[in-house]
Each structure stands twice: as C-alpha cells, then as structure tokens.
Amino acid sequence: MDFRWGFMDKWERLRQSCEGCQRCALGQGRRNLVFGDGNPNAGLMLVGEGPGEQEDRMGVPFVGPAGKLLDQMLEIIDLDRSRCYIANIVKCRPPGNRDPREEEQEACMDYLRAQVRLARPRVIVCLGRIAAQRLIRRDYRITREHGQWVKNGPFWMTAIYHPSALLRDVSKRPETFDDLMGIQARLRELNLQP
Ligand code: URA
C-alpha cells in the first residue's frame, strides 16, 4: 500500500491530462485512451507498444488475444494484474495495428515518464522491440538480447518477446519461458515476490 499523500489523486490527474490529448495524429482516431492497468504499487511495470483494436474499444491494455497470452505468461510466474502495472509506449491505437511512428512515440513519452515517476517500479519489462528500443537502447536487438538485464539508474530493465510475436511464432516460447524465470528470480532477489 502506498501512503504517499494524494497518490491516487496524482494518478487521476495524470490520466485526465492524457484524456483529451491531441499531441499527435493518433488522438483523432481513438475510441478510448488506453492509459494503463494493474497495481502501480507493485514494483514491476510492463510496457507494451500500443493499443490494438480491442484495447481501443475497452480502454484497457492487453485485453485482446495478445493480452490473453500475456495473462497466461504472468500466471507462469505467479503474477497477475494486481501484482504489476501495465502501460504502453503510445496510449492511442495506431490504425491497422501498424507500429507507432517515431513522432507518435515521442509525443506520448512524457505520459509514460510521468507514470514511471509515480509508480517508481524497481523492475521494468519491455514487451517487444518497440518498447525495448525506446526504453533500453535505440539499437536494441530483441532476437539477440531478450532476457538480458541492464541496470538503468534505479531500474532493473529487461525485454521479452511481445506476446503477439509469440502468437505468430510458437518456436519463440521456450526462450520466453526462460526469460520469465529470469524475471521471477529478479523479483525474488528484490523481495518483490515470495
Ligand atoms: N499490444 C500492445 O503492445 N499493447 C496493448 O495494449 C495491446 C497489444
């Protein structure tokens, strides 16, 4: 539990500041803002790339097929959405599920930075290449570097394959299982999991 004064007010204010955002063209096409989901006090933050169709309909990240797989992946390491916070690099749906463009990512980063400042996670897991290249290193190679850890200031950071990639290519799943074990070990080391 976080007893910082006004913690939930700050989250609510941040969400509201995001609601009407027109900083990039994605704002014109959104049905719903997809701000974030889960427990901001959990110490663990997962960051995807951007909402798909179902997320845009519901206003919640990772509720479509990739989200169902993500929930199963979390379950493997005894997690659920009450034990992590989930956000995206961009908070409005890119049309046709294309990758968010550089300028769209840039326009949205202040919101993610504010989320990270409020949540103060110990561990940040990038879901897929787009998040890893934005948050870890511009030339991050997901196929070569997934599962590796970097310490960036107060954060332990890693990246795993995006659940959509695991839906398309099941041969990547065993490696992802190992990466999940690595995440669990890190959470235990940091006393974030029994
Ligand atoms: N893919 C993402 O990267 N984020 C979502 O919220 C849904 C699918």
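Counting restarts for each chain, with residues numbered from 1 along the sequence as it is written. It should be noted that, the model being predicted, local features are given only for residues of pLDDT at least 70 and side-chain atom pairs only at 80 or more, the latter also being counted only at that level, while totals for whole chains, interfaces and linings use all residues. With hydrogens and water set aside, each side-chain value is computed from the structure's full complement of heavy atoms.

1. Some details on the site of the ligand
Then comes step 1: Near residues are defined by distance, with any heavy atom within 4 Å of the molecule or strand qualifying the residue. Residues in contact with the ligand, as listed here, are Gly-48, Glu-49, Gly-50, Pro-51, Glu-55, Pro-61, Phe-62, Asn-88 and His-162.
Then comes step 2: The backbone of Gly-50 places a nitrogen or oxygen atom 3.0 Å from a nitrogen atom of the ligand.
Then comes step 3: Polar contact is the term for a pair of N or O atoms within 3.5 Å; when the atoms are in protein, one must be able to donate a hydrogen and the other to accept it, and sequence-neighboring residues count only if both atoms are side-chain atoms. Within the backbone of Phe-62, one N or O atom sits 3.0 Å away from an oxygen atom of the ligand.
Then comes step 4: Computed with a 1.4 Å probe, the accessible areas rest on the Shrake-Rupley method; for each residue, only the protein chains presented here act as cover. In the complex, 93% of the free accessible area of the ligand, which totals 240 Å², lies under the protein chains.
Then comes step 5: In terms of residue class, the shell around the ligand is made up of three nonpolar, four polar and two charged. Following the grouping adopted for this structure description, the nonpolar residues are Ala, Val, Leu, Ile, Met, Phe, Trp, Tyr, Cys and Pro, the charged ones are Asp, Glu, Lys and Arg, and the polar ones are all others, Gly among them.

2. Remarks on the side chain of Gln-193
Then comes step 1: Mapped onto the elements, Gln-193 comes out in the segment after α9 (173–189).
Then comes step 2: Within polar-contact distance, the side chain of Gln-193 engages the backbone oxygen of Ile-77 at 2.7 Å.
Then comes step 3: Contact between two residues is taken to exist if any of their heavy atoms lie within 4.5 Å; hydrogens are not considered. Apart from residues lying up to four places away in sequence, Gln-193 is in contact with Ile-77, Asp-78, Leu-79, Arg-83, Gln-184, Leu-187 and Arg-188. Think of it this way: any DSSP run of H or I at least four residues long counts as a helix, any run of E at least two long counts as a strand, and we number them from the N terminus.

3. Notes on the environment of Gly-6
Then comes step 1: By the secondary structure assignment, Gly-6 is in the segment before α1 (7–19).
Then comes step 2: Sequence separation of Gly-6 and Lys-172 is 166 residues, and the distance between their C-alpha atoms is 43 Å.

4. What about the pairing of strand β3 (residues 85–88)?
Then comes step 1: Burial status follows relative accessibility: with a 1.4 Å probe on protein chains alone, a residue under 20% of its type maximum counts as buried, one over 50% as exposed, and anything between as partly exposed. Judged by which residues are buried, β3 turns out to be covered on both faces: Tyr-85 and Ala-87 on one side and Ile-86 and Asn-88 on the other are all buried.
Then comes step 2: In this sheet, β3 lies alongside strand β1 (residues 37–38) in antiparallel orientation, the contact comprising two bridges. Counted as the bridge partner of Gly-38 is Tyr-85 from β3.
Then comes step 3: As paired strands, strand β2 (residues 44–48) and β3 are joined by four bridges and run parallel to one another. Note that in β3 the partner of Leu-46 across the bridge is Ile-86. At least two bridges found by DSSP between two strands are what make those strands a pair.

5. A closer look at the pairing of β2
Then comes step 1: In terms of residue burial, β2 counts as a mostly covered element, since five of its five residues are buried.
Then comes step 2: Along β2, one buried face is formed by Leu-44, Leu-46 and Gly-48 and the opposite face, lined by Met-45 and Val-47, is buried too.
Then comes step 3: Both β2 and strand β4 (residues 123–127) contribute to a ladder of four bridges, which runs parallel. The residue bridging Leu-46 from the neighbouring strand is Val-125, located in β4.

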